[in-house]
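One letter stands for each residue in the lines below.
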Amino acid sequence: MGIYEIMKEKNIVLPPAPAKGGLYTQCMPFGEKLVYISGCGSDLEGDAVHGKLGKELTIEQGQQCAKNAVLNLLSVVDANVGLENVKKCIKILVFVGSDPDFYDQPKVANGGSQVLVDLFGEAPSRSAVGMVSLPGNQPVEIEGIFELK
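Residues numbered from 1 in each chain as written. Predicted model: local features only at pLDDT ≥ 70, side-chain atom pairs only at ≥ 80, totals over all residues. Heavy atoms only, no water.

### Quick notes on unusual backbone geometry
Heads up, the rule is: Relative accessible area decides the class of each residue, using a 1.4 Å probe on protein chains only: under 20% of the type maximum gives buried, over 50% gives exposed, and in between gives partly exposed. In this description a helix means any DSSP run of H or I spanning at least four residues, a strand means any run of E spanning at least two, and both kinds are numbered starting from the N terminus.
Look at N11: it is not a glycine, yet its phi comes out positive at around 55 degrees. Relative accessible area serves as the criterion here: at 64%, N11 is assigned to the exposed category. Notably, N137 is not glycine yet its phi reads approximately 60 degrees, a positive angle. Inspection of the secondary structure puts N137 in the loop between β4 (125-131) and β5 (140-148). Judged by relative accessible area, which is 37%, N137 ranks as partly exposed.

Here it is in structure tokens:
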């Protein structure tokens with residue numbers, strides 16, 4: 001089954017690819033069949049949540065933000081190389097805007113990882129780290145490396 005059929009079956013809808021927030025390249029090919037996707041925030045059109053985990057936001061809200069960030073990440077992949085050309089996600093780095101006493105960044109990151117498991121059948125390698133602040137006071141930003149077919 002192709003990626004777009006899996007998305008339809010799992011009711012996964014990609015938003016429009018987010019605009020760049022600065023002077024950088026959103027999708028950079030490297031190696032033989034790899035692409036690096038710059039960090040994407042968790043704001044979706046009409047669905048913006050702001051604040052820090054452990055202060056204004058719960059783990060469940062953070063998981064939804066991580067899911068949204070992965071959807072933005074995938075929309076950049078689709079716009080640049082086409083999801084049908086992706087074999088799997090190799091790695092994601094999840095930045096979580098966190099209160100200093102919040103220690104559940106990996107639980108937040110699971111919201112984004114689950115989307116990738118649903119699409120590609122396996123979880124990528126991953127790091128999840130707490131940050132004092134993220135651009136626009138978004139709770140989550142995720143970057144990734146994808147292997148092409």
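What follows picks up the thread again.
### A few points about the packing of aromatic side chains
Which entries qualify depends on this criterion: A pair of Phe, Tyr and Trp rings is counted when the ring centres sit within 6.5 Å of each other, with Trp represented by its six-membered ring. The angle between the planes then sorts it: under 30 degrees is stacked, over 60 is edge-to-face, the rest tilted. By definition, being over a ring means that NZ of Lys or CZ of Arg is both within 6 Å of the ring centre and within 35 degrees of the ring normal.
Per the counting criterion, the structure on display carries zero aromatic pairs. The side chain of K20 reaches across the aromatic face of Y24, ending 5.9 Å from its centre.

### Focus: the state of the cysteines
Counted only if it meets this: Pairs of cysteine sulfur atoms within 2.5 Å are what we label disulfides.
Scanning the model with the defined rule gives zero disulfides in all. Sulfur of C89: no disulfide; nearest cysteine sulfur belongs to C40 and is 12 Å away. Residue classification places C89 among the buried residues on the basis of a relative accessible area of 4%.

### Description of the sheet that holds strand β3 (residues 86-97)
What holds strands together in a sheet is hydrogen bonding between their backbones, with the strands either parallel or antiparallel. Applied cut-off: When DSSP locates at least two bridges between a pair of strands, those strands are taken to pair. Note on method: axes are straight lines fitted to C-alpha atoms, helices fitted across the in-contact stretch only, with angles between N-to-C directions ranging 0 to 180 degrees. Between two residues, a contact is recorded if the distance between any of their heavy atoms is within 4.5 Å.
Within the open sheet, the five strands sit side by side as β1-β2-β5-β3-β4. Their pairing is mixed. On the outer flanks of this sheet lie β1 (27-30) and β4, each paired with one strand and no other. Across the sheet, the mean angle from the axis of one strand to that of its neighbour is 20 degrees, orientation sign disregarded. Across nine bridges, β3 lies against β5 in antiparallel orientation. Bridged to I92 within β5 is G144. Across the sheet, helix α2 (residues 59-80) touches β1, β2 (34-41), β3 and β5, and the angle it forms with β5 is around 40 degrees.

### A closer look at the nonpolar core
The cut-off we apply is this: Buried residues of nine kinds, namely Ala, Val, Leu, Ile, Met, Phe, Trp, Tyr and Cys, make up a nonpolar core once their side-chain atoms join them within 4.5 Å.
Within the largest apolar cluster, 37 residues are counted, with the highest numbers of intra-cluster contacts made by L74, L119, F120, I142 and F146. Here this core takes 10 residues from α2, the largest share from any one element. Once you skip the residues sitting within four places of it in the chain, L74 turns out to touch L14, L83, V115, L116, L119, F120 and F146.

### Some thoughts on the side chain of E141
Heads up, the condition is: In summary, the charge assignment counts Lys and Arg as positive and Asp and Glu as negative, without counting His or the chain termini. Salt bridge, as used here, is a side-chain nitrogen of Lys or Arg placed within 4 Å of a carboxyl oxygen of Asp or Glu.
Looking at the element boundaries, E141 is found in strand β5. Buried within the structure, E141 lacks any salt-bridge partner; its nearest side chain of opposite charge belongs to K91, at an N-O separation of 13 Å.

### Overview of the environment of Q61
Going by this rule: Polar contacts here mean pairs of N or O atoms no more than 3.5 Å apart (in protein, one a potential hydrogen donor and the other a potential acceptor; neighbouring residues in sequence count only if both atoms are side-chain atoms).
With respect to the secondary-structure elements, Q61 resides in helix α2. A C-alpha to C-alpha distance of 9.4 Å links Q61 and G111, two positions 50 residues apart in sequence. Within the local environment of Q61, its side chain forms a polar contact with the backbone nitrogen of T58, the two atoms lying 2.8 Å apart.

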